[in-house]
Amino acid sequence: MSDIKDIIKDENLVYKKTKVLTDNVMHYCPGCSHGVVHKLVAEVIEEMGIQEKTIGISPVGCSVLAYNYLDIDWQEAAHGRAPALATAVNRLHPEKYVFTYQGDGDLASIGTAEIMHACNRGENIVVIFINNAIYGMTGGQMAPTTLEGMKTATSPYGRDIKLNGHPLIITELIAQLPGTSYVTRQAVHTPAAVRKCKKAIRKAFENIGQKKGTSFVEVVSTCNSGWKLSPVKSNEWMVENMFPVYKPGDLKDE
Amino acid sequence: MAEYKLMKGNEVIAEAAIRCGCDAYFGYPITPQSEILETLTLRQPWLETGMVVLQAESEVAAINMVYGGAACGKKVMTSSSSPGISLKQEGITYLAGAELPCLVVNVVRGGPGLGTIQPAQSDYFQSVKGGGHGDYKLIVLAPASVQEMNDFVDLGFELAFKYRNPALILSDGVIGQMMEKVKLSPVKPRWTNEEVIKLNGSWATTGKTADRPRNVATSLELDSARQEQFNHKLQAKYKEIQEKEVRFEKIACDDAEYLFVAYGSSSRICQKAIDLAREKGIKVGLLRPITLFPYPTKAIQEMAEKVKGILAVEMSAGQMVEDVRLAVNGKVKVEHFGRFGGMIPSPNEVVKALEDLIIKG
Ligand SMILES: Cc1ncc(C[n+]2csc(CCOP(=O)(O)OP(=O)(O)O)c2C)c(N)n1
């Protein structure tokens, strides 16, 4: 029997973990989209050779500990305030690649003002927006993006529009703002979608180099723990229920 | 050649920021401190020194911009007045928790709530006891003149970076709006990016290079044993600040039989009250805390050995008086006198309070 070490040779490799991703064990639930998106961002940073120039802003939410997984300098923001931090970093370091990484509670509820105004000012940053229609970290409460009728810990009988208003489709609002140049909605539920999402993230980061203003990448995501579905079922549920409301595709590409 | 000018306290904050090599100011308009942002936008320092000046969408955004800039190892500041400072408390505790240096200026107005736009000193508790959550302290400087508004910008940044802790200038609507002659500070260039790396490279997010581990600005530590360890580290820092950075001024204390303790504009009123009282034969002096944290507890203790009674004079319903009482610890009588809600006591009122509450009382 040949040793595994003899097999792991450069000529046999079809895939290699990017060195921008650390070896820390991720705390994400199996099936969660966060891990995949982290990997895509890390790969883009490595491929563009911008590890030394990239500063990430992590949110409050499941990805609060993103700084344990990507080997770059990070700032951890208060809940919703990542775009304000990113604004300052961008203004003080126009040569840097600054990105925020935010959940839907962080970006579309408590941090609505900060994201709107950062995008409206056209801060030269990337925003990665993980929309899983739920508050993952705090145990599955209703998010601004929770679908009508969707059951969560704080909408146990399903989201009632009369009581809680409509799901906030914030990316369409963001696309209206002249400060944004690239606004897209992606997902990572199939290998093809993952490849497409990576292209979108790459374009967003390249836009920083071209001083194009704000690039905004929403990733419609799963939260199988919060949704109380298996990872596979979560993907199916997302396609069936989330995609009609949060339609994948580019909203703006200037 | 020294440069002298007649300026408002608020204007001089802006001027001093530019001159001390401040990298960025983020703010939101509110009376009585809007002249700070107005002066900065009129002066356009970005053309001169490259300093960033940005009107944020809210005080919440402004203090979080400060966090972002501070985490880059840069000299950044914000200013506001009471209601806006309340909004900044979340950001301030995060800055303290992430051990980030920055300068915050509060030109206090009367409260609670929307209150009044007139001067007050009713944000003392918020400033020195921790206005946000958690066990943290700010380095709090209390200017009593336009000159000190100028000087404390530089001093505030110096202390903030020395201890990697937010510093607060606790001013009020009197000092902010008053015009006085001021000796401007010499111009210092802003730190270059290379200097920032040299000075603050061990913690600042300047971009992770191959020769160092990644820098992370965070206040999160989920492991409670480690969170306690971190809190011990903070407490040790505050103790060191308490030991090394106390600043105060004593006026007419040598022969004093009574003592005023007052900071900021109240201390100016007390100076006049000393003259009036001494004309009447009452030997009263003034101890003016310049740092409110660290508080000049020992200096007050020493004065309590010498005087018959102490009057704490503040434009509040009685906040700093608690720290005077803690220092005096029952040795002599301590009373509070204040006007508040935007009212300013006259020197005559202060003398009368001394007579009624301390001498006769
Ligand atoms: C000021 C404040 N309010 C509330 C919380 C509690 N909290 C932590 S994460 C979170 C929601 C996160 O949800 P989301 O942004 O959708 O991210 P996810 O966890 O789903 O990735 C909340 C409400 C907090 N940490 N700070």
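Residues numbered from 1 in each chain as written. Chains lettered and ligands numbered in written order. Predicted model: local features only at pLDDT ≥ 70, side-chain atom pairs only at ≥ 80, totals over all residues. Heavy atoms only, no water.

## Overview of the packing of aromatic side chains
- Under the definition given, this model contains nine aromatic pairs over all chains.
- A cation over an aromatic ring shows up here: A:Lys203 above the ring of A:Tyr182, its NZ or CZ 4.9 Å from the ring centre.
- The side chain of B:Lys181 reaches across the aromatic face of B:Tyr4, ending 4.9 Å from its centre. (Phe/Tyr/Trp six-rings, centres within 6.5 Å; stacked < 30°, edge-to-face > 60°. Lys NZ or Arg CZ within 6 Å of the ring centre and 35° of its normal.)

## Description of unusual backbone geometry
All names here are of chain B.
- Here the bond from Gly111 into Pro112 is cis, since omega is 0°, no more than 30 degrees from zero.
- Along the polypeptide, Pro112 turns up in the loop between strand S5 (102-108) and helix H6 (124-128).
- Residue Pro294 follows Phe293 across a cis peptide bond; omega there is 0°.
- The phi angle at Ala252 is positive, at roughly 55°, despite the residue not being glycine.
- Relative to the elements of secondary structure, Ala252 occurs in the loop between strand S10 (248-251) and strand S11 (258-261). (Helix = DSSP H or I, 4+ residues; strand = E, 2+ residues; numbered from the N terminus.)

## Points about the sheet that holds strand S7 (residues 166-172) of chain B
All names here are of chain B.
- Strand order in the open sheet made by the seven strands is S3-S2-S4-S5-S7-S6-S13, with mixed pairing throughout. Since the sheet does not close on itself, it has two edges, and those belong to strand S3 (52-55) and strand S13 (291-293), each with one partner. Taken pair by pair, the neighbouring strands of this sheet meet at an average axis angle of 20°, ignoring direction.
- Bridge analysis of strand S2 (residues 24-27) against S3 gives four bridges, and the strand direction is parallel. Residue pairing for S3: Tyr25 is matched across the bridge by Val53. (Pairing = 2+ DSSP bridges. Axes fitted to C-alpha atoms, helices over the stretch in contact; angles between N-to-C directions.)

## Digging into the nonpolar core
- Residues B:Phe26, B:Ile310 and B:Val324 are the most contacted members of the largest nonpolar core, which totals 126 residues.
- The element that contributes the greatest number of residues to this core is helix H7 (residues 146-163) of chain B, accounting for 10 residues.
- In contact with B:Val324, not counting residues within four places along its chain, are B:Val261, B:Tyr295, B:Ile300, B:Ile310, B:Ala312 and B:Val334.
- Counting residues in hydrophobic clusters, the runner-up holds 37 residues, among them A:Ile50, A:Ala66, A:Tyr67 and A:Leu70. (Core = buried A, V, L, I, M, F, W, Y, C linked by side-chain atoms within 4.5 Å. Buried < 20%, exposed > 50% of the residue type's maximum accessible area, 1.4 Å probe, protein only. Contact = heavy atoms within 4.5 Å.)

## Observations concerning the confidence of the model for chain B
- Predicted confidence across chain B gives a mean pLDDT of 98, with 100% of residues reaching 70 or more.
- The ipTM, which scores confidence in the relative placement of chains, is 0.95 for this predicted complex, and the corresponding pTM is 0.97. (pLDDT = per-residue confidence, 0-100.)

## A look at the site of the ligand
- Around the ligand sit 17 residues, and of these A:His34, A:Cys62, A:Asp106, A:Gly136 and A:Met137 come closest.
- Around the ligand, the nearby residues trace back to chains A and B.
- A distance of 2.9 Å separates an oxygen atom of the ligand from a polar side-chain atom of A:His34.
- In this structure, A:Cys62 approaches the ligand through a main-chain N or O atom, which is 2.8 Å from an oxygen atom.
- Starting from 590 Å² of accessible surface for the ligand in isolation, the protein chains cover 77%.
- Put simply, the parts of the chain that give the shell around the ligand at least two residues each are helix H4 (104-110) and strand S5 (134-135) of chain A.
- For the shell around the ligand, the element with the most residues is H4(A), which contributes four residues.
- The residue inventory of the shell around the ligand, partitioned by class, reads six nonpolar, eight polar and three charged. (Near = heavy atom within 4 Å. Polar contact = N/O pair within 3.5 Å; in protein donor to acceptor, adjacent residues only side chain to side chain. Areas by Shrake-Rupley, 256 points an atom, 1.4 Å probe, with all protein chains shown as cover. Nonpolar A, V, L, I, M, F, W, Y, C, P; charged D, E, K, R; others polar.)

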